[in-house]
Amino acid sequence: MAANNSSEAPIPPLEEAGGEGVKHEAEADGKGKAPAASTTTMLHRSGSRPQLDLSGAAIHGTLEDRNPTILLPNQSDDISHLALDIGGSLIKLVYFSRHADQSTEDKRKLSTKKRLEIFTGARRSYPVLGGRLHFVKFETGKLNECLDFISSKQLHRGGVDSPSWRSGAQPDNIVIKATGGGAYKYADLFKERLGVSLEKEDEMDCLVAGSNFLLKAIRHEAFTHMDGQKEYVQIDQNDMFPYLLVNVGSGVSIIKVDGHGKFQRVSGTNVGGGTYWGLGRLMTECKSFDELLELSQRGDNSTIDMLVGDIYGGLDYSKIGLSASTIASSFGKTISDNKELSEYRPEDISLSLLRMISYNIGQISYLNALRYGLKRILFGGFFIRGHAYTMDTISFAVHFWSKGEAKAMFLRHEGFLGALGAFMSYEKHGLDDLSAHHLVERFPMGAPYVGGKIHGPPLGDLNEKISWMEKFVQKGTQITAPVPMGAPATTGMGGFERPTSKGDILRSDASAALNVGVLHLVPSLDVFPLLEDPKTYEPNTIDLDHNEFKYWFTVLSDHLPDLVEKAVASEGGTDDAKRRGDAFAHAFSAHLARLMEEPAAYGKFGLANLLELREECLREFQFFDAYVSIKQRENEASLAVLPDLLMELDSMDEEARLLALIEGVLAANIFDWGSKACVDLYHQGTIIEIYRMSRKKMQRPWRIDDFDMFKKRMLKKDQPYKKALISVDNSGADVVLGMLPLAREFLRHGIEVVLVANSLPALNDITANELPEIVAEAAKHCGILRKAAEAGGLIVDAMAGIQDDAKDEPVSVPLMVVENGCGSPCIDFRQVSSELAAAAKDADLLILEGMGRALHTNLNARFKCDALKLAMVKNQRLAEKLFNGNIYDCICKFEPVS
Ligand SMILES: Nc1ncnc2c1ncn2[C@@H]1O[C@H](COP(=O)(O)OP(=O)(O)O)[C@@H](O)[C@H]1O
Ligand SMILES: CC(C)(COP(=O)(O)O)[C@@H](O)C(=O)NCCC(=O)O
Ligand SMILES: [Mn+2]
């Protein structure tokens, strides 16, 4: 990459202003030339995590492994794709779609992997491929729709991408795991219509396997729901058992679970979801379960139920703890009313029914928990349907009868336990030892978002997705309904008071299903080994409570038009790009609106998740790098002035240089296209002018200023650092004039450096794919960087025309680039690339740079090695909230381990 006109720009002197830089335009023209580094390997990726890139068969294993495994990653024949739970009311499908493409590994990655000795999947007995787990349901009465769906996606043949489908092989001997009564009842139909055999799995086995898997492998799966408040519960994997599993389907199964595969069905009741829906249908003429449930939200059960007060002349029966409004007898009032069914409001009937059945289930569950001394009761089955009132009612019954001893919990994948269990029963996919860090949940915009007639996974085809979005916008359909929530209840005498969560509108079925996303399986993700305590680690610094969410909702909404403009420009500004841009804006706004109503809808959601969701949405509408031309322009301008900066730095003594370097990092972190304040600034000058201005304002002490402590440790001659992981942030000046010179200083001290960069683009962040070329460019002017980059395998070819100024530099430690596994401006250290995890093992210093990675996330994170957190605060509210400070304050937080 050659520097353009910016090469005329003189050095940004550290003390004094001077010279012209490249005009820093705030507008992306979208017509810039190809990005600084090739993005071709990225183009087919979706999702914020890199897909598994196990191309080519290889023996994986270490010397310690007795049986090294041969992975045939591209061999998908024995990968099972579909499992079914065909119940009395609903058919549940869980299917796995393999990532369509296998990204080719670039040279850097291969050499890094070799160097880091990464053996992905070494301890598995079967290969695990990256892919996605989808959850879909159909009404059992509409079995044909389900068969059509399977057939259209060729799920029974391993999906349309599978070799068996492409080769046109007859699916004669295809066997699909299935559970539920329908596995028996409809076996012939499946054979006839799809030519597949259903292999029956025991329903209880499946329920338990599914539930255990969810508790173990999905981070925010279980939650409590009391008085309209949802709270996620993290169940310790080592302390999962025993628990009582209550599956409320058409009927109810009550199972005592003692371990994996260890359980006993201790009870059940025939009064379940089928009873509510069946009686409700007869009594109200509702056409769908949802209609019935929605009616209940406008009901008043006191017109139907006989209350304690009805019997006691309006008084409480306080002696036994029953208040006047406690239901004494469900439907009891109708005996004496002398009215016809038609004279009762269907709303009231539905509510009476719902309360009757939910209480009854809660009470029977409690009694069984009492019978076996269990404190945790997990409720599953589609009767629950994510419905606040139902959950509150059950929770209330459990709480009341157990006097607070037992706890009712619910599962986000409530209805899919059996289907998941059936899926897990395939022997060869090796998914059983997956952990939470292998699964990344995504909430793509698509049919299931608003439901209606279309069931199923996100619309795969982009055009389909866009036109769906357009139709949806035209119709002005309300995406979501408000979450029914009221003021906290007083439970009076502790009797069966009405739970508080009873709103007017029911969130549509499929948007309730939206609470369940697509699970992206990325087996190459790991927990960062230098986290002090992964169990207590919380990436998000600030809790997104309602107020906080409101603020970020506004920030992100305000930023949207500008982002769309950049995104559209990055794709050439064509009509197609504009259409996608619109669709993206609507999709992202819809997600924001949904979260505004129920911040916990998608599991525990922090700012990091919100910022990642935005990047995800962009990728969903095939915007792979919205800031591509801005990044390129800033890289070029910064590279042009780098040699002069290095010269300036080299003229300083060690201590002054270290300070100048840290100052430089903080100052250059101002180039952040995610911050409104900064973007406004960019209109006022060139990159170099802004950089210079930013440096000039570097007044110490900074808002957090541990520089002296860091300097002391860094320059400790008897105990030098050995290996530094340096996590970089933004492209342009940030990385070129800030982080690279700092990395160079480490190399000069003989410290091995691993530059850690994003796997996928996020705002103007530099990616691991782009970084080597920038390093190579910088290395043309710097022998230290060049030798280290060569030693690290970053620069493979001998480069012509380099200034060899490093003849006297004894640098032989390597400089490497590794990807972090993220496609977001923040980083969650519970899920990083295996490459980073491997690189981290012998590191004794971690540097985190930028607001996203060092402030929004990880400000309070503790590591097993020394940590230096560097960032400029580019948001006034955050500065006030975190540091009682101001926008543009700088943070230099050093946390030595000893
Ligand atoms: N769209 C729906 N159609 C029918 N029933 C539904 C629907 N959504 C939730 N339900 C409730 O879920 C129950 C079925 O739950 P599920 O766990 O699928 O059990 P089963 O395996 O017996 O079909 C129904 O009896 C009904 O109460
Ligand atoms: C998205 C960011 C975290 C990126 O910051 P960085 O990590 O690049 O320093 C940051 O730009 C941000 O929080 N922006 C939104 C707030 C605002 O516009 O003020
Ligand atoms: Mn950034």
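Everything below is about the structure shown above.
Computed from a predicted structure; not experimentally measured.

Trainee: Before we move on, can you summarise the site of ligand 2 with the specific residues and values?
Mentor: As a structural note, the neighbourhood of ligand 2 is formed by 16 residues, with Asp672, Gly852, His856, Lys874 and Asn875 the closest of them. One nitrogen or oxygen atom from the side chain of Lys874 is found 2.5 Å from an oxygen atom belonging to ligand 2. Protein chains shield 97% of the accessible area of ligand 2, which is 470 Å² for the free molecule. Those elements giving two or more residues to the shell around ligand 2 turn out to be α17 (546–570) and α29 (851–856). When residues of the shell around ligand 2 are assigned to their parent elements, the largest contribution, three residues, is made by α29. Its residues placed into classes, the shell around ligand 2 shows four nonpolar, eight polar and four charged.

Trainee: Before we move on, could you go through the sheet that holds strand β9 (residues 229–232) and cite the residues and values that matter?
Mentor: Pairing within the open sheet is mixed, and its seven strands lie in the order β9-β8-β16-β15-β10-β11-β12. Two strands close off the open sheet at either side, each with one partner strand: β9 and β12 (262–269). Each strand axis lies, on average, 30 degrees off the axis of its neighbour in the sheet, ignoring direction. The pairing of strand β11 (residues 252–259) with β12 spans seven bridges and is classified as antiparallel. Across the sheet, Val257 pairs through a bridge with Phe263, a residue of β12. Sitting on the sheet, helix α11 (residues 346–372) touches β10 (243–248), β11, β12 and β15 (376–380), and the angle it makes with β12 is about 140 degrees.

Trainee: Can you explain the environment of Leu245? Please cite residues and give values.
Mentor: Residue position: Leu245 is located in strand β10. We classify Leu245 as buried; its relative accessible area is 0%. A sequence separation of 87 residues divides Leu245 from Gly332, and the C-alpha atoms of the two residues are 31 Å apart. Here Leu245 is in contact with Leu207, Val208, Ser211, Ser253, Ile254, Ile255, Val257, Leu378 and Leu417, once residues within four sequence places are set aside.

Trainee: Would you mind going over the coordination of the manganese ion (ligand 3) in detail, with residue names and values included?
Mentor: At this site the manganese ion (ligand 3) is bound by Asp729 (OD), Asn730 (OD1) and Asp765 (OD), with donor distances of 2.0 to 2.1 Å. As a motif over one chain, the donors of the manganese ion (ligand 3) read D-N-x34-D. Of the two residues, Asn730 is situated in the loop between β21 (723–727) and α25 (733–748) and Asp765 in the loop between β22 (752–757) and α26 (771–779); the sequence distance between them amounts to 35 residues. There is no split in this pair, since Asn730 and Asp765 are both buried.

Trainee: Residues and numbers for the sheet that holds strand β20 (residues 704–705), please.
Mentor: Strands sit in the order β20-β27-β26-β25-β21-β22-β23 across an open sheet of seven strands; the sheet is mixed. Each edge of the open sheet is held by one strand with a lone partner, namely β20 and β23 (815–819). Judged from the four bridges that link them, β21 and strand β25 (residues 845–849) form a sheet pairing that is parallel. What sits directly across from Leu725, in β25, is Leu846. Its contacts with the sheet place helix α21 (residues 654–668) against β25, β26 (866–872) and β27 (890–895), and it is angled at close to 50 degrees to β26.

Trainee: Which residues make up the side chain of Glu849, and what values do they have?
Mentor: By secondary structure assignment, the location of Glu849 is in strand β25. No salt bridge is formed by the buried Glu849; the nearest opposite charge belongs to Arg853, separated by 6.7 Å. At 3.2 Å, the side chain of Glu849 and the side chain of Asn669 are in polar contact. One polar contact links the side chain of Glu849 to the main-chain amide nitrogen of Asp729, over a distance of 3.2 Å. Dropping the residues within four chain positions of it, Glu849 is found in contact with Val665, Asn669, Ser727, Val728, Asp729, Asp734, Met739, Ala854 and Leu870.

Trainee: Break down the pairing of β26 for me, citing the residues and quoting the values.
Mentor: Burial analysis of β26 places seven of its seven residues in the buried class, the great majority of the element. Of the two faces of β26, the one carrying Asp866, Leu868, Leu870 and Met872 and the one carrying Ala867, Lys869 and Ala871 are both buried. Handedness of the crossover joining β25 and β26 through α29: right-handed. Sheet analysis places β26 next to β27, joined by six bridges and oriented antiparallel. Among the inter-strand pairings, Leu870 is bridged to a residue of β27, identified as Cys892.

Trainee: Can you tell me about the site of ligand 1, naming the residues and giving the values?
Mentor: Residues in contact with ligand 1 amount to 16 residues; listed here are only the nearest, Ser89, Lys92, Ser250, Gly273 and Phe382. A distance of 2.8 Å is found between an oxygen atom of ligand 1 and a backbone nitrogen or oxygen belonging to Ser89. Note that an oxygen atom of ligand 1 is positioned 2.6 Å from one of the side-chain N or O atoms of Ser250. For the shell around ligand 1, the secondary-structure elements that each account for two or more residues are β4 (90–98) and α7 (273–284). The greatest single-element share of the shell around ligand 1, amounting to three residues, is contributed by α7. Among the residues forming the shell around ligand 1, the class breakdown is five nonpolar, eight polar and three charged.

Trainee: Can you break down unusual backbone geometry residue by residue, with the values?
Mentor: Residue Pro242 is reached from Phe241 by a cis peptide bond, and omega for that bond is -5 degrees. Topologically, Pro242 is positioned in the loop between β9 and β10. Omega for the peptide link from Arg700 to Pro701 comes to 0 degrees, which places this bond in the cis form. Within the secondary structure, Pro701 is located in the loop between α23 (687–696) and β20. Despite not being glycine, Asp227 shows a phi value in the positive range, around 50 degrees. Here Asp227 is to be found in the loop between β8 (222–226) and β9. Its identity as a non-glycine residue notwithstanding, Leu763 has a phi of 45 degrees, on the positive side. The residue Leu763 is located in the loop between β22 and α26 in this model. On the basis of relative accessible area, Leu763 is assigned to the buried category, the value being 9%.

Trainee: Talk me through a nonpolar patch on the surface; I want residue IDs and the actual numbers.
Mentor: A cluster of nonpolar residues, Ile311, Tyr312 and Leu315, forms a patch on the protein surface that exposes about 310 Å² of accessible area. Structurally, Tyr312 is set in the loop between α9 (308–311) and β14 (327–329).

Procedures and definitions
Residues numbered from 1 in each chain as written. Chains lettered and ligands numbered in written order. Predicted model: local features only at pLDDT ≥ 70, side-chain atom pairs only at ≥ 80, totals over all residues. Heavy atoms only, no water. Near = heavy atom within 4 Å. Polar contact = N/O pair within 3.5 Å; in protein donor to acceptor, adjacent residues only side chain to side chain. Areas by Shrake-Rupley, 256 points an atom, 1.4 Å probe, with all protein chains shown as cover. Helix = DSSP H or I, 4+ residues; strand = E, 2+ residues; numbered from the N terminus. Nonpolar A, V, L, I, M, F, W, Y, C, P; charged D, E, K, R; others polar. Pairing = 2+ DSSP bridges. Axes fitted to C-alpha atoms, helices over the stretch in contact; angles between N-to-C directions. Contact = heavy atoms within 4.5 Å. Buried < 20%, exposed > 50% of the residue type's maximum accessible area, 1.4 Å probe, protein only. Donors = N, O, S within 2.8 Å, 3.2 Å for Na, K, Ca; no water. Lys, Arg positive; Asp, Glu negative; His and termini not counted. Salt bridge = Lys/Arg side-chain N within 4 Å of Asp/Glu carboxyl O. Right-handed = clockwise from strand over helix to strand, strands pointing away. Patch = residues over 30% accessible without salt bridge, like charges linked within 9 Å, V, L, I, M, F, W, Y side chains within 5 Å.

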